[in-house]
Amino acid sequence: MDVRADSSIPHAEFFPAPPEPQRPSRWARRLADDRRELARFLPVIQNLVVQELRVRYQRSFLGFLWTLLNPLLMMATLSWVFSYLFRTIENYTLFLFAGMVPWGFLSVSLNECALCIIVNEGLIRKIYVPKLVFPISRILINLVTLTLSLGALFLLLWPLGARLSWPVLLLPLVILLLAVFTLGLGLAVATANTFYRDCGHLVSVFLQAWYFATPILYRAEDFPVESQWRFRINPAYYFIDLFHDVIFAARWPQPGSVVVASAIAIISLGIGYVIFKSQEDKMVFRL
Amino acid sequence: MSSSSRRKTRWFSDSEPTRRDAGAKAAVGNEPLIELKEVSLRFINYADKQYSLKRAVLDLVLRREDPAPVSEFWALRNLSLRIHRGERVGVVGGNGAGKSTLLRLLARIYPPTSGQVVVRGNVAPLIEMGAGFNPELSGYDNILLNGAMLGYSRREMIAKVDGIHEFTGLREFADLPLKYYSSGMYMRLAFGIATEIDPEILLIDESLGVGDATFRDRAKSRILKLLDRSHAVILVSHEMETLRQVCTRGLWLNRGELRADGPIDQTIDQYLSWTREVAC
């Protein structure tokens, strides 16, 4: 048996291509690897998403209504309380709707992403599945919920003056940008929570604070000019602002804000991806 | 930190664009299906597995030295081996010798701490059955889900559903959520799925005795059929007779190190005489 027989072929013959600079080529290879792996494991993502949704919605006929009930009640309460405070905003309920539904997507996704690796511990320790599958499927599941609740709530708000307009055509793009942004954060949170188990709690506390710091209940324009920078440094502001533009104000967003939102989304995804991939191999030992 | 570990650890899979083949095209036919080059795997026992941010901050603030005493344990040490097409390898060794870890390494569950693992072919792990079963879903859906995790598309799995039902006899329960299955039915389904596929490299961990007596006989014959279909088999077992019957080559692992590698009978004899010596 040729055990411990080292290959006699020199190293150079394995890699005839001239060596590229190490750093970019490593990440380029990881990206290519992941693309291939995700293509191969697409059925897994598909199954996880479809079946989660089916379990959630088919078991109880009310399943979907329950997911609607939460934002609906929140919106009802908040608009009742705050519409006196924010008299400047006409149709405050619709304004709330345009901001709260996407925020709900962000916050639920992040909370779920934080747990997605730990919850699937049994799976990860038993069989090989690329770990990117878990955060991605969480995001996709919530994306479906987001789309459905946007549609359903829009219909419910029709009597209150919700109307379709041409800028709504940009909605898919805006949702996509938000999803990319959320995925990036979700990857980072999933990694952190796998290594430090109390990160999940921090995430929910942080999300609560972030919620109030983002112009969802109020309008950024109502604040004095000198404190506008507080919103400018808040990455979520740009996404919520796009939703406000498209759904509430029915105006075409500034091209500049679309560009900024895209840049933030891509940077977020890049950072999240690097964090996740650099720790991916160690995760199984920490479960 | 990650750059150094990346340099040490390289993972290849069958679908990797095989630049290596371009250089050594002549050797394609007899390239080993599995190649381990000086592979080591270290487990770190975290005294507190649930390490929390709170603790990390406290440790930093209070300047506690080495707060959670960790012990490390080399499950595999400097393992090099090649397994070629057509080989059936039996792995023997005491408890904690690294047999199951080796299988998990080959199944890509554990990444090597250092060294290189090359696997050319799709791997079917019969290590833990029923991985990825979702108790809320029906038996049928679980077949599709489990198949997806083993790398089969929905369509390919739908074609296999009949064969699985045929074998497990659970056709009438196909629409029942898995949580209502008895544990025997659960195992049968898991076994049925795992053995219906056509793997190139088959990894089997022992204790495949599932279900009642009649099922066990059928399970055994089904495993033997599966062995014939796969190109390479790695079998971990404590039953020396089974190993002698099934395998052609034997590996003896002791404390993560390769003690012997040769024809199965020879390896088992060496191993048995060693255990007798230790026992005396």
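What you see is a predicted model, and the numbers here were worked out from it, not measured in a lab. (Residues numbered from 1 in each chain as written. Chains lettered and ligands numbered in written order. Predicted model: local features only at pLDDT ≥ 70, side-chain atom pairs only at ≥ 80, totals over all residues.)

1. Examining unusual backbone geometry
Residue and element names in this part refer to chain B. With a phi angle near 50°, Asn78 is a residue other than glycine that sits in the positive phi range. Positioned with a positive phi, Arg255 is a non-glycine residue whose angle comes to about 50°. Relative to the assigned elements, Arg255 resides in the loop between strand E9 (249-254) and strand E10 (257-263). (Helix = DSSP H or I, 4+ residues; strand = E, 2+ residues; numbered from the N terminus.)

2. Let's talk about the confidence of the model for chain A
Any region with low pLDDT has predicted coordinates that should not be read closely. With 91% of its residues at a pLDDT of at least 70, chain A reaches an overall mean of 84. Looking over chain A, one finds the lowest element-wise mean pLDDT in helix H1 (residues 11-14) of chain A, namely 39, and the highest in helix H8 (residues 171-195) of chain A, namely 94. (pLDDT = per-residue confidence, 0-100.)

3. A look at the environment of A:Val81
When you line up the elements, A:Val81 lands in helix H4 (residues 63-82). Along the backbone, A:Val81 and A:Asp241 are 160 residues apart, and their C-alpha atoms lie at a distance of 22 Å.

4. Here we look at the sheet that holds strand E4 (residues 88-92) of chain B
All names here are of chain B. Taking strand neighbours across the sheet as the criterion, the six strands line up as E6-E7-E8-E4-E9-E10 in an open arrangement whose pairing is mixed. The open sheet has two free edges, formed respectively by strand E6 (123-126) and E10, since each of these has just one partner strand. Here the average twist between neighbouring strands, direction ignored, is 15°. Across four bridges, the pairing between E6 and strand E7 (residues 201-204) is parallel. In the strand pairing of E7, Leu126 is matched with Ile204. Against the sheet, helix H4 (residues 99-106) touches E4, E6, E7, strand E8 (232-236) and E9, its axis set at about 150° to E8. (Pairing = 2+ DSSP bridges. Axes fitted to C-alpha atoms, helices over the stretch in contact; angles between N-to-C directions. Contact = placed C-beta atoms within 7 Å.)

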